[in-house]
Amino acid sequence: MAFCYHCGNDLVEAVHRLDEHSFCCSGCKSVYQILSKSGLCNYYRYNDHPGANRARVDKRYAYLDEPAIIKDLIDFQDDQVTTITFYVPYIHCSSCIWLLEQINKIDPAIYYSRVDFLKKRVQIRFDNREISLRKVVETMADIGYEPLISLQDVVKKQAGVNSNGLVKKIAVAGFCFGNVMLLSFPEYFGLSGSMQNFQYFFGWLNVLFAIPVLLYSGREYFTSAWNNLRNGVLNIDFPLALGIAVLFLRTVFEVSTHSGAGFADTLCGLVFFLLVGKFVQQKTYHHLSFERDYRSFFPVAVHTLVNGLEKPVPLSELKTGDRILIRNSEIIPADAILLKGKACIDFSFVTGEALPVARVLGEIVYAGGRQMGEALELEVIKPVSQSYLTQLWNNEAFTRKQDNRMGTFNQKVSKYFTYVLLLIAFASLIWWLPTNVNRAIAAFTAVLIVACPCALALSTPFTMSAALSVFDKNAFYLKNTAVVEQMARIDTIVFDKTGTITSPADQHVILYSKLDDASKQLIYSACNNSTHPLSRQICQFLGNIAPIEPSEYTEIAGQGISARINGHIVLIGNHKLIFHGQVDQDAGLFTKVHLKIDEYYAGYFSFKNQFRKGLDQLSELRKRYDIYLLSGDKDHELELLTRFFPDQNSMYFGRSPQEKLDLIRSLQAEGKIVMMIGDGLNDSGALKQSDLGIAITDNVNNFSPGSDAILDGSAFDKLSLFLRFSKDTVKIIHASFLISLCYNLFGLSFAVTGRLSPLMAAVLMPASTATIIAFTSIAAHIAAKKRRLL
């Protein structure tokens, strides 16, 4: 089998050749020519076939000449230099990095480019006097790395990494912790007579090192505790802040009165390990977005028609009455009336309807559909912000804060933990107060120091971090660690149909005909000129056939293809096109594409949705969860679906995005904890309203709606294992809490006597921390192995 030298696609008989290399299309050949002319052919040495297929690159970047759009996209600009950062989903290997960082050799007006591989971003600085932003983007597209520019890039709403200086705080706490430990070792092992003079000096140095830890590294615990107290809430930050404060005050008291060495080492170590736990908990996926909405799906600008001339206009400036031009494969950004052209609209990502829909002149075409045919002329009837699709984002489900829909175990336990801690501390104070005031104060502060919930605070982040790494290895990406606990509490699962339980790339195709090789070549040649999904699947089904260029070719919106090839008239399409409006007895059962060559009916292709691998696991899930199907599609596959959803009352078809959201809300009103799994914009409301929303996609770099987690389609068969593992993870947290409780009880046995030594505190804190970290990591690994996830 021969492959394209650039992208690796299979080659058919008729190929493009250059420099003894074969290419699948003129686009791939052109990229090679550009790289060869610029001396960049080393690109092909680092990896085999590293490029993306260039057969259908669309260079419609006129909107990038608009100053208003440029202003919102760029990072920096002056009279000479412009800096901009692009998201390039095609970056996948070392060849990509090498080529993009050598792009200045193609055009010297580009000063430099730097690639962030993990985030799939490239930052480019160029001379705006010599080259325009549009030309930069076209150059990137020419070499196979077209940047993804969406409306959300302009409004800059995509969530970024929280830059609260956490790493700096860890660095300060770690530096101080190390130095305090070094200065405390002589105290641990006893000072010789000659060193006694240094005892107080070392003590004050420890106090100085503790000050930045208290005021800078640990400040967030005090602000969090105070803010929660003002709202009448006791969270785990309160006992932590109380413990840190008592450690510092007692250290200052003992050092200043020469009554002891204090607890500066325990204080610095406590804050350091807490911050490390927080850092581990804040694991993010830089190449994924969990907060996407319609703005990630819509283009930045649209082409309007003014006096018959095209003019790019930012989408935000599009208004009622504007005439817009929508070409093949472009998104319709606003509700509009069709004025010219044959509309064949793919609404699968908006409504869930799998088949393209035809629209006639004068009909309303709703926003979000993708035109799959000739260019259309439409008149806008509603602004983008008021269209049928975007109105969904005005729902309260998109405005309320979603991250804490369920309280975590730590949040629930910390309130009771704080009450018990204060009760024991005051009981110790009252017990010793009548006999020894100093001992009473020592006991009171010692209880607050020893019982500080450091191990409890660390058990969740380290357990969840280990769980996230397991999910990550299995192509399941969670927004944050709290999602694991949310998943463990789920009792109801709702599935979308199209694209969720069915695989878009694996429709089952059957040819009901005995075509000879000549007829197959005619059919292939006609379909090869179409971008319609069914045409692409027919080409894939027929395999590698050398196409013949049609002398006439027409796509009839909503019906099919009419072509003249080698003197033969070829019709490929629906029942209406081939049989002139006769009733199709099988309509609605499955999709048919009929074939007619000259006057001879040549049979038909049938298309049935191929269900994802692992859908059989629903029978197991039904034992533990209530299962529902919620689809925007029609019920033409009802009989097939009853195999997986025996209760027909649990299946809902033809539901709009708002109706999907309302159904999730009604299930929650019944007391159910709902997980929604969907893939398109039509599922966005339901995903946001649900207690846990999972977006499924066959390419994590493609658009997926806002959600709590993103599941790669290849891992769908592991869904049941993921749910079981999430429950295992919560059990590990409970076990680690018991371990930390044992350490606290052991420490309290010393603390309540008022005789807690700094050495005992210095040993207990790191020992409990090390035990918790080791236990959670090992236990999570064993649980993952048990569930066959490692």
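Residues numbered from 1 in each chain as written. Predicted model: local features only at pLDDT ≥ 70, side-chain atom pairs only at ≥ 80, totals over all residues. Heavy atoms only, no water.

Concerning unusual backbone geometry
A positive phi is found at Asp 598, a non-glycine position, where the angle reads about 55°. On the basis of relative accessibility, which here comes to 32%, the residue Asp 598 falls in the partly exposed class. In the Ramachandran plot, Arg 788 falls in the positive-phi region, its phi being about 60° despite a non-glycine side chain. Looking at the element boundaries, Arg 788 is found in the segment after helix H25 (758–786). When its relative accessible area of 62% is taken as the criterion, Arg 788 is described as exposed. (Buried < 20%, exposed > 50% of the residue type's maximum accessible area, 1.4 Å probe, protein only. Helix = DSSP H or I, 4+ residues; strand = E, 2+ residues; numbered from the N terminus.)

Section: the packing of aromatic side chains
The relative placement of two aromatic rings is captured by the distance of their centres and the angle of their planes. Within the structure shown, the criterion is met by 15 aromatic pairs. Ring-pair connections join several aromatic residues into one group, and the members of that group are Phe 471, Phe 476, Phe 722 and Phe 725. Over the ring of Tyr 221 we find Lys 278; its NZ or CZ atom is 4.6 Å from the centre of that ring. The positively charged end of Lys 592 is found above the aromatic ring belonging to Tyr 604, 4.7 Å away from the centroid. (Phe/Tyr/Trp six-rings, centres within 6.5 Å; stacked < 30°, edge-to-face > 60°. Lys NZ or Arg CZ within 6 Å of the ring centre and 35° of its normal.)

Topic: the sheet that holds strand S18 (residues 508–512)
Taken together, the 6 strands give an open sheet; going across it, the order is S18-S23-S22-S21-S20-S19, and neighbouring strands pair in antiparallel fashion. The sheet terminates laterally at S18 and strand S19 (552–556), the two strands that pair on one side only. Between one strand axis and the next, the sheet turns by 15° as a mean value, whatever way the strands run. Against the sheet, helix H17 (residues 517–527) makes contact with S19, strand S20 (560–565), strand S21 (568–573), strand S22 (591–597) and strand S23 (600–608), and its axis sits at roughly 65° relative to S21, the strand it touches most. (Pairing = 2+ DSSP bridges. Axes fitted to C-alpha atoms, helices over the stretch in contact; angles between N-to-C directions. Contact = heavy atoms within 4.5 Å.)

Side note on the nonpolar core
Counting 105 residues, the largest nonpolar core has Ile 493, Phe 495 and Phe 645 as its most contacted members. If you look at the next biggest cluster of nonpolar residues, it comprises 43 residues, including Val 31, Leu 99, Ile 124 and Tyr 145. (Core = buried A, V, L, I, M, F, W, Y, C linked by side-chain atoms within 4.5 Å.)

Comments concerning the sheet that holds strand S28 (residues 709–712)
The mixed open sheet is built from 7 strands, whose spatial order is S16-S28-S27-S26-S17-S24-S25. Unpaired on one side and paired on the other, strand S16 (476–478) and strand S25 (651–652) mark the two borders of the sheet. Sheet topology places strand S27 (residues 692–697) next to S28; 4 bridges connect them, and they run parallel. Counterpart to Thr 697 in the pairing with S28 is Asp 712. Contacts from helix H16 (residues 482–489) reach S16 and S27 within the one sheet, and its direction differs from that of S16 by about 110°. Contacts from helix H22 (residues 657–669) reach strand S17 (492–495), strand S24 (626–630), S25 and strand S26 (674–678) within the one sheet, and its direction differs from that of S26 by about 160°.

Everything listed here is a matter of geometry and, on its own, says nothing about what the molecule does.
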